[in-house]
Amino acid sequence: MRPRMGHTKAVSVDWDAVVAAGLYDPASSDADTRRELIELLASYGATIEQMVGAIQIGELWELAIELVYGKTADMSARELAQRVGVGLEVIESIYRVAGVPVKDPDERRFGERDVELVRGLGNVLGGKFFQYEELGEVLRVFGESVGRIADAAVAMYQQGAYQRMMVSEANELERAKLTIDRASDALVFPQLLTALIRHHISDAAERLQATQVQGSPSERLLAVGFVDIVGYSARASEVSMGELFDLVSGFENRSLDIVAASGGHTVKHLGDEVMFVANDAAAAATIAMDLIDAFDNEGDVTPHGGVTFGPVVNRRGDYYGPVVNLASRIARQAVPGEILVSSDMASHLVGVDGFETFPAGRRMLRGFADPVKVHTLIRH
């Protein structure tokens, strides 16, 4: 349940110690505000040492967000291991693999959800669906992905709500209350992730079923595309940090939307380049041309790309193999506004309404011993 202002626990504050620590001056003009702020932070479990530390590195009210997220952390790694009935080394291994290593086994940073997590992992292993190494691989992917989500959420708070609050005329107590509310809002993310992961797993399973090579558990047949929005990196070096944020966000958000609109899947962004995959050649061709059209009229930006089709290996959400390398290499060979495709990709587009391919010669490409035949993709 989301914590609210009125739901915090009343605590007794040692005001003599607070004054001695330099946190509170009864004679100051803002004494009432500071007193209420200290009472609020104490109700969320803040110690005098934590408050002093917060002031040493910033402002006292900024301690509020840490307190909200740590409110249910009442268990150390050692106690978690005892509670679940496993060795401490098991707890340390689980969280290290998930990207959040245990630095101090006696630090209270765990709670009931961690108990559920560790027991749930034990049930998964007990069910024999995953072997130990496979479960570790999944945990690494989850940890990496959730880490990126956390970074994005904190960055958006810093660049959005935090900045708006800093330019406002709110006093430190009002800022603390706003911070607690915003941090409490973010606690909905676990429920949001639970709902979304079901959809993503369903979609991933559907993609796997549609593209898996018979007899090979790791090999899949996919269209792979790279579209390079040349000029975005150069433009990024000429703008302010705030403008850079808007520029990068605009590029990534638009490309994500374009790829998803045609049923593709964005694998990653590499600077001003986007890598995507699609189950069929027609969808990949549509995505590539839509990306070209979306960015082609932005001044000095010159998009171009390459698309291939064939067997790839999927690992930890990324794709590997000669087909991927070829798509990346021919993307760099394309002239501004052009999409080059491999011969296999061109053959899969024969008879597809709205698209044609024309021979564009042979190219010597790094990593390929012989010249590679490529084709220019045209959309009517």
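Thresholds applied
- Residues numbered from 1 in each chain as written.
- Predicted model: local features only at pLDDT ≥ 70, side-chain atom pairs only at ≥ 80, totals over all residues.
- Heavy atoms only, no water.
- Helix = DSSP H or I, 4+ residues; strand = E, 2+ residues; numbered from the N terminus.
- Buried < 20%, exposed > 50% of the residue type's maximum accessible area, 1.4 Å probe, protein only.
- Areas by Shrake-Rupley, 256 points an atom, 1.4 Å probe, with all protein chains shown as cover.
- Core = buried A, V, L, I, M, F, W, Y, C linked by side-chain atoms within 4.5 Å.
- Phe/Tyr/Trp six-rings, centres within 6.5 Å; stacked < 30°, edge-to-face > 60°.
- Lys NZ or Arg CZ within 6 Å of the ring centre and 35° of its normal.

Helix and strand content of the protein: 15 helices and 10 strands. For the protein, with 380 residues in total, the buried portion stands at 37%. Accessible surface, the protein: about 21,400 Å² in total, of which carbon and sulfur atoms supply 54%.

Moving on, we get to the nonpolar core. V227, F276, L291, V307, I339, M345 and L377 are the most contacted members of the largest nonpolar core, which totals 29 residues. Mapped by element, the contributors of at least two residues to this core are strand 3 (219–230), helix 12 (241–261), strand 5 (273–278), helix 13 (281–295), strand 6 (302–315), strand 8 (339–342) and helix 15 (343–348). Counting residues in hydrophobic clusters, the runner-up holds 26 residues, among them A42, A46, W61 and V68.

What follows deals with the packing of aromatic side chains. All told, the structure shown has 2 aromatic pairs when counted by the stated rule. A ring pair is formed by Y95 and F110, whose centres lie 5.0 Å apart and whose planes are at 70°; its orientation type is edge-to-face. Of this pair, Y95 sits in helix 6 (residues 88–97) while F110 sits in strand 2 (residues 108–110), and the two are 15 residues apart along the sequence. The exposure classification of Y95 matches that of F110, with both residues buried. In this structure, R35 is placed above the aromatic ring of W15, and the distance from its NZ or CZ to the ring centre is 4.1 Å. Stacked on the ring of F295, the Lys or Arg R254 has its end atom at 4.5 Å from the ring centre.

None of this, on its own, says anything about what the molecule does.
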